[in-house]
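# Tertiary structure, described
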Amino acid sequence: AKSDGIFKYTFKDSILYNLGLGCTASELKYVYENDPSFQILPTFAVIPFMNSTASLDFTKLCDNFNYAMLLHGEQYFKLHSTIPTKGEFKTVVKPVQVLDKNGKAAVIVGGSETYDVKTNKLIAYNEGTMFIRGASVPKDKIIKGENRAKFAMTDFKAPKDRNPDFEVEIDTTQDQAALYRLSGDYNPLHIDPVLAKSVKFPKPILHGLCTLGVSAKALFEKFGPYTELKIRFTNVVFPGEKLKVKAWKQPAGVVVFQTIDVNRNAVVLDNAAIKLAGSSSKF
Ligand code: HDC
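Criteria and cut-off values
Residues numbered from 1 in each chain as written. Predicted model: local features only at pLDDT ≥ 70, side-chain atom pairs only at ≥ 80, totals over all residues. Heavy atoms only, no water. Helix = DSSP H or I, 4+ residues; strand = E, 2+ residues; numbered from the N terminus. Rg over C-alpha atoms; globule rule 2.2 N^0.38 Å. Buried < 20%, exposed > 50% of the residue type's maximum accessible area, 1.4 Å probe, protein only. Contact = heavy atoms within 4.5 Å. Phe/Tyr/Trp six-rings, centres within 6.5 Å; stacked < 30°, edge-to-face > 60°. Lys NZ or Arg CZ within 6 Å of the ring centre and 35° of its normal. Near = heavy atom within 4 Å. Polar contact = N/O pair within 3.5 Å; in protein donor to acceptor, adjacent residues only side chain to side chain. Nonpolar A, V, L, I, M, F, W, Y, C, P; charged D, E, K, R; others polar. Domains from an automatic or database assignment. Buried area = accessible area lost by both parts, 1.4 Å probe. Salt bridge = Lys/Arg side-chain N within 4 Å of Asp/Glu carboxyl O. Pairing = 2+ DSSP bridges. Axes fitted to C-alpha atoms, helices over the stretch in contact; angles between N-to-C directions. Patch = residues over 30% accessible without salt bridge, like charges linked within 9 Å, V, L, I, M, F, W, Y side chains within 5 Å. Areas by Shrake-Rupley, 256 points an atom, 1.4 Å probe, with all protein chains shown as cover.

## Brief notes about the overall build of the protein chain
On a plain count of helices and strands, the protein chain comes out with 7 helices and 10 strands. Against the compact-globule benchmark of 19 Å for 283 residues, the protein chain has a radius of gyration of 18 Å, which places it among compact chains. For the protein chain, with 283 residues in total, the buried portion stands at 52%. The contacts in the protein chain between residues at least 6 apart in sequence include a share of 71% that link residues at least 24 apart.

## A closer look at the packing of aromatic side chains
Evaluated as defined, the whole model comprises 13 aromatic pairs. The interplanar angle of 65° and the centroid separation of 6.3 Å between the aromatic rings of Tyr76 and Tyr125 together place this pair among those described as edge-to-face. One end of the pair, Tyr76, is in strand β2 (residues 70–79); the other, Tyr125, is in strand β5 (residues 122–133), with 49 residues separating them in the sequence. A relative accessible area of 2% means that Tyr76 is categorised as buried. Here a set of aromatic residues connected by ring pairs shows up, and it is made of Phe7, Tyr9, Tyr17, Phe44, Phe89 and Tyr180. Here the basic side chain of Lys203 rests over the ring of Phe238, its NZ or CZ set 5.3 Å away from the ring centre.

## Some remarks on the site of the ligand
Around the ligand sit 25 residues, and of these His72, Gly73, Lys101, Asp185 and His190 come closest. Within the contact set of the ligand, a nitrogen atom lies 2.9 Å away from a backbone nitrogen or oxygen of His72. With respect to the ligand, the side chain of Asp185 contributes an N or O atom lying 2.6 Å from an oxygen atom. The set of elements that each furnish at least two residues to the shell around the ligand consists of α3 (46–50), β2, β5 and β7 (226–233). Partitioning the shell around the ligand into residue classes produces 10 nonpolar, 11 polar and 4 charged. Summarising the domain contributions, the shell around the ligand has at least three residues from each of domain 1 (1–146) and domain 2 (154–283).

## Things to note about the domain arrangement of the protein chain
Here the protein chain is described as being made up of domain 1 (1–146) and domain 2 (154–283). Between the C-alpha centres of domain 1 and domain 2 the distance comes to 16 Å. With 31 residues of domain 1 in contact, the opposing surface of domain 2 contributes 30 residues. Across the interface of domain 1 and domain 2, roughly 2700 Å² is buried in total on both sides, 62% from carbon and sulfur atoms. The salt bridge partner of Glu27 is Lys217, with a shortest N-O separation of 2.6 Å. Connecting domain 1 to domain 2 are 9 residue pairs in polar contact (both at pLDDT 80 or more). Mapped by element, the contributors of at least two residues to the side of domain 1 that touches domain 2 are α1 (11–20), α3 and β2. Ranked by residues supplied to the side of domain 1 that touches domain 2, first place goes to β2 with 10 residues.

## Overview of the environment of Tyr180
You can see Tyr180 is positioned in helix α5 (residues 176–180). On the accessibility criterion, Tyr180 (1% relative accessible area) is buried. Measuring from C-alpha to C-alpha, the distance between Tyr180 and Leu269 comes to 18 Å, with 89 residues separating the pair along the chain.

## Observations concerning the sheet that holds strand β1 (residues 6–9)
Strand order across the open sheet formed by 10 strands is β1-β3-β4-β5-β2-β7-β10-β9-β8-β6, with antiparallel pairing between neighbours. If you trace the sheet from one side to the other, it starts and ends with β1 and β6 (166–171), each paired once. Taken pair by pair, the neighbouring strands of this sheet meet at an average axis angle of 20°, ignoring direction. In this sheet, strand β10 (residues 266–276) lies alongside strand β9 (residues 254–261) in antiparallel orientation, the contact comprising 7 bridges. Bridging from a neighbouring strand, Val254 pairs with Lys275 of β10. Its contacts with the sheet place helix α7 (residues 208–223) against β2, β6, β7, β8 (242–249), β9 and β10, and it is angled at close to 140° to β7.

## Describing a nonpolar patch on the surface
Judged by side-chain polarity, Leu19, Leu179, Leu182 and Tyr186 come together as a nonpolar surface patch covering roughly 330 Å² of accessible area. Its place among the elements puts Leu19 in helix α1.

In C-alpha cells form, the structure reads like this:
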C-alpha cells in the first residue's frame, strides 16, 4: 500500500485479478491479453481504493485500534468509466462516516475518488466500511455521514415473497485467498493460520472483496454492465466453500442480491444491489 495514492498496473495485474475471482482458461476475454474482448471485471474499481486505505490513520480515528480485529463491513462503488486493462490512477481517500457501536466496535467509512493520472478523468467513487471489533470512538470524533452516497445508504432487502429471478452456485477453491491476495490485500488474516486463530477464527478467512468479486462476476454475466454496487458483509467465508448467488430484479434497473455460503447455510453478502447501466444491460 502506498500512501501517495498512486496505483499503477499492467495487463498482468488485470489477469491476476480475474484469476483471483475464479476466471479460467476457458474464459479468454478475462485471462488472455491478445483476446479481442480482453477486459477486467468491473469490481476492480475497489482495488486502487483498497491500496490507498492505509492513508486513513485509524489510530487517530478511533481508540484501541488493532488491525487484526478489523473486518470489512460494507462496500459501495460507482463507476464513472469502464476500467482499462492497464493504467495509472490517483486515489484520494477521506473518512466520510465514523461511528461507535456501543463501545464494542468502531465503524469507519472511507470515501475515495480514483482519477486517471493521464486524463485526470474520474474513474470511480468508493465508500468502504471498516468494522473494527474491540475499538471505540470518542464523542468528539464521530462523523455522522450525512453526505454519503444515496445508493450506499439504501436498505436493499431480499424479497421473501417470491423466488429469485436468477440463481447460481459457485465453488471457491482452497487456494482462492492465496491467489486473490496478490491483487494487493496482503492482510495475514487471509493466509496465516496462527494469526487467524489469535483473533478467534478457526482458520484464515476469504477476503470480503473476493466474495464480492466472485458474486458480482456472476451478476455481470447475467445482467450486463452496472454503474453502482453496494453490499454488506454479514458472515465470513472460508476458502473452498461453495457460494450461491440469488438475484431479484426490481424497478429502475436495480437488481437486489444475496450471497449464501452453502456449506454453512449463512448469508455472507446481504443488503446488496447493483444498478444496471441503462441501454447496454441485458435486463
Ligand atoms: O457481520 C459480522 C461479520 O462477521 N461480518 C463478516 C465480515 C467479513 O467477513 N468481512 C470480509 C472479510 S474481512 C477482510 O476482507 C478484511 C480485509 O483484508 C481488509 C479490509 C480492508 C478494507 C478495504 C476497504 C476497501 C460483524 C462482525 C461485522 C458484525 O457482527 P456483530 O458484531 O454481531 O454486529 P451486530 O450485533 O449485528 O450489529 C452491531 C451494529 O453494527 C452494525 N453492523 C453490523 N454488521 C455490520 C455493521 N455495520 C457495518 N458493516 C457491517 N457488516 C449493525 O447495524 C449494528 O448497528 P446499530 O447498533 O447501530 O444497529
